[in-house]
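Here are the chains, one letter per residue:
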Amino acid sequence: MPRTTAPPQLWQRIFADLTPLSVSADYRRLWFGGTISWVGQAMTVLAISLQVYDITGSSFSVGLVGLFSLVPLVVFGLYGGAIADTVDRRKLGLYSSMAAAALSLVLAAAALLDYHRVWFLYAVVALQAVCGALTGPARSAMIPRLLPVEQLPAANALNSVTMTFGSMVGPALGGFIVTVAGYEAAYLIDAVTFTAALYAMWKLPSMKPDRAEGARGRASVLDGLRFLGTRPNIRMTFFSDLAAMVLAQPRALFPAIAGLWYGGGPGTVGLLVAAMAAGALLGGLFSGWQGRIRRHGLAILLAVAGWGLAVAVFGITRNLWLGMFFLALAGYADTASMVFRTTMLQAATPDDMRGRLQGVFIIVVAGGPRLGDFLAGTTADLISPTVAVTGGGLVCVLVLGLLALRWRNFARYDARSPEA
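Residues numbered from 1 in each chain as written. Predicted model: local features only at pLDDT ≥ 70, side-chain atom pairs only at ≥ 80, totals over all residues. Heavy atoms only, no water.

A. Highlighting unusual backbone geometry. One non-glycine residue with positive phi stands out, namely D114, at about 55°. Structurally, the position occupied by D114 is in the loop between α5 (89-112) and α6 (118-146). Judged by relative accessible area, D114 falls into the exposed class, the value being 58%. (Helix = DSSP H or I, 4+ residues; strand = E, 2+ residues; numbered from the N terminus. Buried < 20%, exposed > 50% of the residue type's maximum accessible area, 1.4 Å probe, protein only.)

B. Geometry of the pattern of salt bridges. Enumeration according to the criterion identifies 5 salt bridges in this entry. Through salt bridges with shared partners, a single network forms among D85, R89 and R356. (Salt bridge = Lys/Arg side-chain N within 4 Å of Asp/Glu carboxyl O.)

C. Local environment of the packing of helix α14 (residues 320-347) against helix α15 (residues 354-382). One way to put it is that α14 packs onto α15 with a least axis distance of 10 Å and a crossing angle of 155°. It follows from the interaxial angle that α14 and α15 lie roughly antiparallel. The hand of the α14/α15 crossing is right-handed. Where α14 abuts α15, its residues R341, T342, L345 and Q346 lie against R354, L357, Q358 and F361. When the residues that make up the contact of α14 with α15 are grouped by side-chain class, the tally is 3 nonpolar, 3 polar and 2 charged. (Axes fitted to C-alpha atoms, helices over the stretch in contact; angles between N-to-C directions. Parallel < 35°, antiparallel > 145°, perpendicular 65-115°, else oblique. Left-handed = near helix turned anticlockwise from the far one by under 90°. Contact = heavy atoms within 4.5 Å. Nonpolar A, V, L, I, M, F, W, Y, C, P; charged D, E, K, R; others polar.)

D. Fine view of the side chain of Q151. The residue Q151 is located in the loop between α6 and α7 (152-181) in this model. Exposure remark for Q151: the relative accessible area of 12% places this residue in the buried category. Those residues within four positions of Q151 in sequence are excluded, and the remaining contacts are T19, P20 and V23.

Encoded structure:
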């Protein structure tokens, strides 16, 4: 009698699919290790910002922390991907994570010795970004080697939970620890949390890229860009994300919006930030339906359009709770888009190109929101915050529609026969 597969239970259709954690011990260790270390890294990010402000009393100096992090991440993102397509990815992830842990220990030692220099903190931030540019492509390229392709959406949804959870819990925990025990305690705890990620990397098998026969010894960044030039579906995943993050990114306007629209202050800003983060977290926790979707390109278009429309409606609301609701919807849509974009990138890219394409992904994800902050702030100053937010959301949807018309095959992409 043939075996039949039982239909998924209701809770499996709604909540995050935990199958990747049960079928692969390597992925399970990588996920738990990444979740713990991500909280520690978010603590350090906040602690450095607080320490810079404590030294300088300047918000501009705090803003430079992001610049010193962004530039190395963009510059080394492509090269980190090329290295990940050349060497054993396990070793690359392990050594770059060890370097990041060592930098946290350096920060802790400097704080214990009362060595408070802004230039020193900027230098450490830049080096941490270099480590991230090396670790990120290597780690992402490992996941398709650890799981079957049909479980990649579930794995990427779980990864989104890791990032959002760390981004929410890490800063709150970091602020508390700095208050009660000082900067050195936060940095030391971060260094300790790295042991979870290091152990997960150490237990992995060798992860050398599957190089095509006759391929050169060292992967070329230019070869990766040429490959991307021949893959319109993968390019569309980047274009769609840029449309959302550059044209409809309201984050930089939250301080102005809190006062002008809601008559609030820093606490209101925190609620706006938390609303979008909570929506993103819910997008990961309630992601069971995503594993059954096959039209990933169409799903990305709908999710990005949902982001743009939610941001546009947020721009015309003047009720705080209603505004938070639409920001949460935007955060949920962003997570859904990220899951399908990452899955398409992993499934439709040959193994020996995954590192380089993930490097481009990092640049888009890191650089897009920064450009969006600049565009939104400029538009708000020249015209108004309402035009910047609502207009940005509507323009995002318009540009997305034009992109979909230009590359019509993207909406027909089928995960059962992935074609880049």
